[in-house]
Amino acid sequence: MAFWLNPAGSILIMMGVFSGTGADVGWTGYQPITSWVTTHPGTTFWLAGQLMLVASSTLAGINFITTIAAMRAPGMGWMQMPLFTWSILVSVMCLFISIPAFGVGLIEAILDRTIATAFFNTAAGGDPLLWSHLFWYFGHPEVYVVIIPAFGIVSEVLATSSRRAIFGYKSMVYALAGIGILSFVVYGHHMLTSGMAPWLRFVMMLTTMLVAVPTGIKIFNWLKTMHRGSLVYRTHTLWSLGFLITFTLGGISGMFFPSIAMNTHLTETYFVVAHFHYVLVGGVVFGLFSAIYYWYPKMTGKMMNEKLGMLHFLIAFISYNGLFWPMHKLGLLGMTRRHHTYFIQANEYSDVVGTLPAEIASWNMFISINGFIFGLSTIIMVYNMIITLVKGKKAPADPWGGWSFEWLVSSPPPTPSFDEIPTLIDVNEHGERKENWLTKLMVPNDEEEVIH
Ligand SMILES: [Cu+2]
């Protein structure tokens, strides 16, 4: 159900096109646009489709949490789980605490549109800012929901490629959980210019800056894993290294925004666009590419072509930076988001009060060209995936020297994966599983239990 709600919801979001008007509300769906300013069915479809995606994510999350809590192999305690598993657990926990707020906002907007309730209508006593709170209370943790699994992927890939266990496993787990918890006390930084109380802006500034701490721990651990390891450069390694560079750059540009003064100046400019694409494309998408190249042999039983993989990485990494790096400059020059002209207006109803320097146009051309190259480079990977399926070399059970359970079984894994449930013996230097209320609650007594 979680799976099928996803395509159904995604199609519904775009269905408005067939009614003559698509959802022209932007990805944030700010109020009052989504509730009563627009009346066409496109936006209603958009809200309903989003709601289906909320249901889909929630159901999928239940599946992951239950599997992780109840179905671990003997010997696999919480502190022995692969970091990818940890990352999924933290990510789903963040999702569960944040996504209900978004669901509530969507339902309120649908009710405003269909039966004229007044959640967001100022004339009837509603408040459009309520949406911003619900949306960003969900929206900020959502960024972590998508990036934390990428942290897990990069941890697995860099450890395997360095031929050693990840450095600072425990600190990695705490950093993952810590960034998850922090993500719930920083969402106000998306609303610093919305008329928030000055003392609250100051609190949001400080908590947001704290995010740099767990992030720094993780980057340090990844570097330390490679240092003194013996790094083997495969395509998945390159993507993880690319992730490390771009994500760190995105983290650094992210530290400009918590500062209230910088935020007031840079908000709604291309500097923001540059920042979040460095985090979300250089972070999430590069992590995803790394995972595809790393686990594709396990999934299909065929080895991908490394030369094509390298070509994909080189073209994509260079064009990606060509695409997003100049946006920092454009933002500082004053180019705003969501505008198709380069004129500066006091507001959308006033006359043009100035123009941006002429070089803006040529930088935008440069960005567009790199954007097309970056997008098209993905065809190399898709071609590689198809050609691998047709005539790839057979993959052994453990082509990269990975240590987690999936590398024990043949590629692709049989169903069920294991004839006999394996026991984890080798763990990261801390052996015994301590019993406490949490482990008793979450782990079934598998000594007596017979698993068929
Ligand atoms: Cu945020």
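Residues numbered from 1 in each chain as written. Predicted model: local features only at pLDDT ≥ 70, side-chain atom pairs only at ≥ 80, totals over all residues. Heavy atoms only, no water.

(A) View of the overall build of the protein. In terms of regular secondary structure, the protein is built from 14 helices and four strands. Here the C-alpha atoms of the protein give a radius of gyration of 24 Å, agreeing with the 22 Å that 2.2 N^0.38 yields for 452 residues. Projected onto its principal axes, the C-alpha positions of the protein cover 70 × 50 × 45 Å. Scored against the burial criterion, the 452 residues of the protein give a buried share of 46%. (Helix = DSSP H or I, 4+ residues; strand = E, 2+ residues; numbered from the N terminus. Rg over C-alpha atoms; globule rule 2.2 N^0.38 Å. Buried < 20%, exposed > 50% of the residue type's maximum accessible area, 1.4 Å probe, protein only.)

(B) Here's a closer look at the coordination of the copper ion. Within the first shell, the copper ion binds the protein through H140 (ND1), H189 (NE2) and H190 (NE2), at distances of 1.8 to 2.0 Å. All donors of the copper ion come from a single chain, and their spacing in sequence reads H-x48-H-H. In this pair, H140 is assigned in helix 5 (residues 129–162) and H190 in the loop between helix 6 (169–182) and helix 7 (198–210), connecting sequence segments 50 residues apart. By relative accessible area, H140 is classed as buried at 7%. Given the relative accessible area of 30%, H190 is considered partly exposed. (Donors = N, O, S within 2.8 Å, 3.2 Å for Na, K, Ca; no water.)

(C) The arrangement of a nonpolar patch on the surface in detail. Side chains of I245, L249, I252, F256, M262 and W325 sit close together on the surface and give an oily, nonpolar patch of about 530 Å² of accessible area. Per element, the largest residue contribution to the nonpolar patch is three residues, and it comes from helix 9 (residues 235–254). Inspection of the secondary structure assignment puts L249 in helix 9. On the basis of relative accessible area, L249 is assigned to the partly exposed category, the value being 30%. (Patch = residues over 30% accessible without salt bridge, like charges linked within 9 Å, V, L, I, M, F, W, Y side chains within 5 Å. Areas by Shrake-Rupley, 256 points an atom, 1.4 Å probe, with all protein chains shown as cover. Salt bridge = Lys/Arg side-chain N within 4 Å of Asp/Glu carboxyl O.)

(D) View of unusual backbone geometry. A cis amide bond, omega 5 degrees, links Q31 with the succeeding residue P32. Structurally, P32 can be placed in the loop between helix 1 (2–14) and helix 2 (33–37). The residue after S411, namely P412, is reached through a cis peptide bond having omega -10 degrees. Here P412 is to be found in the loop between strand 4 (393–394) and helix 14 (437–442). Despite not being glycine, A116 shows a phi value in the positive range, around 55 degrees. Look at A116 and you get exposed, because its relative accessible area is 63%.

(E) Expanded view of the packing of helix 12 (residues 306–333) against helix 13 (residues 359–391). At their nearest, the axes of helix 12 and helix 13 sit 8 Å apart, and the two run at 155 degrees to each other. Comparing their axes, helix 13 and helix 12 come out roughly antiparallel. Crossing angle aside, the handedness with which helix 12 passes helix 13 is left-handed. Among the residues making up the contact of helix 12 with helix 13, the classes are represented as 19 nonpolar, ten polar and two charged. (Axes fitted to C-alpha atoms, helices over the stretch in contact; angles between N-to-C directions. Parallel < 35°, antiparallel > 145°, perpendicular 65-115°, else oblique. Left-handed = near helix turned anticlockwise from the far one by under 90°. Nonpolar A, V, L, I, M, F, W, Y, C, P; charged D, E, K, R; others polar.)

(F) Quick look at the side chain of N370. Tracing the backbone shows N370 in helix 13. We classify N370 as buried; its relative accessible area is 9%. If we ignore the near neighbours within four places in the chain, the residues touching N370 are S319, G322 and L323. (Contact = heavy atoms within 4.5 Å.)

(G) Highlighting helix 1. In this model helix 1 runs 19 Å from its N-terminal to its C-terminal C-alpha over 13 residues, within 8% of the 18 Å that 1.5 Å per residue would give. Three or more residues of helix 1 are buried, namely A2, L5, G9 and I13. Summarising the axial view, the buried residues of helix 1 lie within an arc of 65 degrees, below the 170-degree limit, and thus occupy one face. Every exposed residue of helix 1 that faces more than 90 degrees away from the buried side is listed here: F3, W4 and M14. Buried positions along helix 1 lie against helix 3 (41–70). (Expected span 1.5 Å × (residues − 1). Arc of directions from axis to C-beta.)

(H) Representation of the nonpolar core in the model. Membership of the largest hydrophobic core comes to 93 residues, with the highest contact counts inside it found for M81, W86, F151, Y169, W222, F243 and M327. In this structure, V157, A291, M303 and W400 belong to the second largest nonpolar core, which totals nine residues. (Core = buried A, V, L, I, M, F, W, Y, C linked by side-chain atoms within 4.5 Å.)

(I) How the structure looks around the environment of T208. Structurally, the position occupied by T208 is in helix 7. Considered as a pair, T208 and K391 are 183 residues apart in the sequence and their alpha carbons are 49 Å apart. Excluding anything up to four places from it in sequence, T208 contacts V186, H189, M255 and P258.

(J) Region of the structure containing empty space enclosed by the protein. For the structure on display, the rule yields three cavities of 30 Å³ or more. In this structure, the second largest cavity occupies an estimated 60 Å³ of space. Forming the boundary of the second largest cavity are T160, S161, R163, V232, R234, H236, T237, P399 and W400. Residue assignment for the lining of the second largest cavity shows that the elements contributing at least two residues are helix 5 and helix 9. For the lining of the second largest cavity, the class distribution of residues is three nonpolar, four polar and two charged. (1 Å grid on protein atoms, 1.4 Å probe; cavity = no way out; pocket = protein on both sides within 12 Å on 5 of 7 lines; lining within 4 Å. Points joined across faces, edges and corners; volume = space filled by probe spheres on them.)

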